[in-house]
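As a plain string of letters, each chain reads:
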Amino acid sequence: MVKPDGVQRGLVGEIIGRFEKRGYKLVGLKMCAPGQQHLEQHYEDLKEKSFFPGLIKYMNSGPVVGMVWEGLDAVKTGRSILGATNPLQSAPGTIRGDFALAVGRNVCHGSDTVENAQKEINLWFGKEGVTKWAHHSDAWVHEK
Ligand code: UDP
Ligand code: MG
């Protein structure tokens, strides 16, 4: 997901492009501003953290762009494309390492486990679902 700062800073195309160019297939995409309750549900694992109120305020400060990417090891490799949670510790070449400085303005979100990805896809794309399609480059990106 591109967070509100990423949207405001014009990074939507850049972030989508990095996943596309790596070889991942886009199967879900939407801009929305789902509101506080939805965002609290999205981050419910963090509700006891001291930064939680600030995080929800930040996430609720503008529209976000949610996406679902499909491909080999998408969750783990997706997280490495994003970089470390704290951008100061993110390697150059990662999204956060190239475009962010502060942990509370780190421009993007990525699911951390396959199980959480499933939950988040359901929360954000449950109604419309994702779109299955055959990419013409599939055989050039994957061995099978
Ligand atoms: N966050 C924060 N302060 C912290 C840790 C996290 O503001 O000390 C924010 C930050 O925007 C982060 C989000 O809370 O992306 C969710 O935290 P998590 O530990 O799940 O990091 P992520 O999975 O996004 O790397
Ligand atoms: Mg997380």
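Residues numbered from 1 in each chain as written. Chains lettered and ligands numbered in written order. Predicted model: local features only at pLDDT ≥ 70, side-chain atom pairs only at ≥ 80, totals over all residues. Heavy atoms only, no water.

**Topic: unusual backbone geometry**
Let me state the cut-off plainly: Numbering of helices and strands starts at the N terminus; helices are DSSP runs of H or I of at least 4 residues and strands are runs of E of at least 2.
Of note, the phi angle at D73 is positive, near 55 degrees, even though the residue is not glycine. Tracing the chain through its elements places D73 in the loop between β2 (64-70) and α5 (74-82). Positive phi, close to 60 degrees, is recorded for V107, a residue that is not glycine. With respect to the helices and strands, V107 occurs in the loop between α6 (95-99) and α7 (114-125).

**Let's talk about the packing of aromatic side chains**
How we decide: Side-chain rings of Phe, Tyr and Trp, where Trp is taken by its six-membered ring, are said to pair if the distance between their centres is within 6.5 Å; with planes under 30 degrees apart they count as stacked, over 60 as edge-to-face, and otherwise as tilted. Whether a residue is buried, partly exposed or exposed follows from its accessible area with a 1.4 Å probe, protein chains only, as a fraction of its type maximum: under 20%, in between, or over 50%, in that order. Sitting over a ring, as applied to charges here, requires NZ of Lys or CZ of Arg to be within 6 Å of the ring centre and within 35 degrees of the ring normal.
By the definition in use, this model includes 2 aromatic pairs. Consider the rings of F19 and Y24, whose centres lie 6.4 Å apart with planes at 50 degrees: the pair is tilted. Using a relative accessible area of 7% as the deciding quantity, one classes F19 as buried. The ring of W133 carries the charged tip of K25 above its face, separated from the ring centre by 5.8 Å. Against the face of F125 rests K30, its NZ or CZ located 5.4 Å from the ring centre.

**Focus on the environment of A84**
Note the following rule: Contacts between residues were defined by any pair of non-hydrogen atoms, one from each residue, lying within 4.5 Å.
As for its position among the elements, A84 is in the loop between α5 and α6. Judged by its relative accessible area of 30%, A84 falls in the partly exposed class. When the C-alpha positions of A84 and F51 are compared, they lie 17 Å apart, and in sequence the two are 33 residues distant. With near-sequence residues (within four places) excluded, A84 lies in contact with Q89, S90 and R96.

**Observations regarding α7**
Applicable threshold: Multiplying 1.5 Å by the helix residue count minus one yields the expected span of that helix. What the arc measures is the spread of directions leading from the helix axis to the C-beta atoms.
Counted at 1.5 Å a residue, the expected span for α7 with its 12 residues is 16 Å, and the 16 Å between its end C-alpha atoms agrees. N116, A117, E120, W124 and F125 are the residues of α7 that are buried. Down the axis, α7 shows its buried residues gathered within 130 degrees of arc, on one side only. Exposed side of α7, more than 90 degrees from the buried face: E115, Q118 and N122 are the residues found there. On its buried face, α7 is in contact with β1 (25-32), α3 (36-42), β2 and α5.

**Quick notes on the side chain of R18**
To keep things clear, this is the line we draw: The definition of a polar contact used here is a pair of N or O atoms within 3.5 Å, where within protein one atom must be able to donate a hydrogen and the other to accept one, and adjacent residues in sequence count solely through side-chain atom pairs.
Tracing the backbone shows R18 in helix α2 (residues 12-22). A polar side-chain atom of R18 sits 2.9 Å from a polar atom in the side chain of D98. Once residues within four sequence positions are removed from consideration, R18 is found in contact with I81, G93, T94, I95, D98 and F99.

**Concerning the pattern of salt bridges**
Under the convention used in this document: Whenever a carboxyl oxygen of Asp or Glu lies within 4 Å of a side-chain nitrogen of Lys or Arg, that contact is scored as a salt bridge.
In total, this model carries 6 salt bridges according to the counting rule given. The partner of R18 in a salt bridge is D98, with the nearest N and O atoms 2.9 Å apart. Here R18 is found in helix α2, whereas its partner D98 is found in helix α6, with 80 residues between them in sequence. On the accessibility criterion, R18 (19% relative accessible area) is buried. The exposure class assigned to D98 is partly exposed, which follows from its relative accessible area of 35%. Here K30 makes a salt bridge to E128, at a shortest N to O gap of 3.1 Å. On the criterion of sequence distance, the pair formed by K30 in strand β1 and E128 in the loop between α7 and α8 (138-141) is long-range, its members being 98 residues apart. The exposure class of E128 is partly exposed, given its relative accessible area of 46%. Through salt bridges with shared partners, one network takes in K25, E70, K132 and D138.

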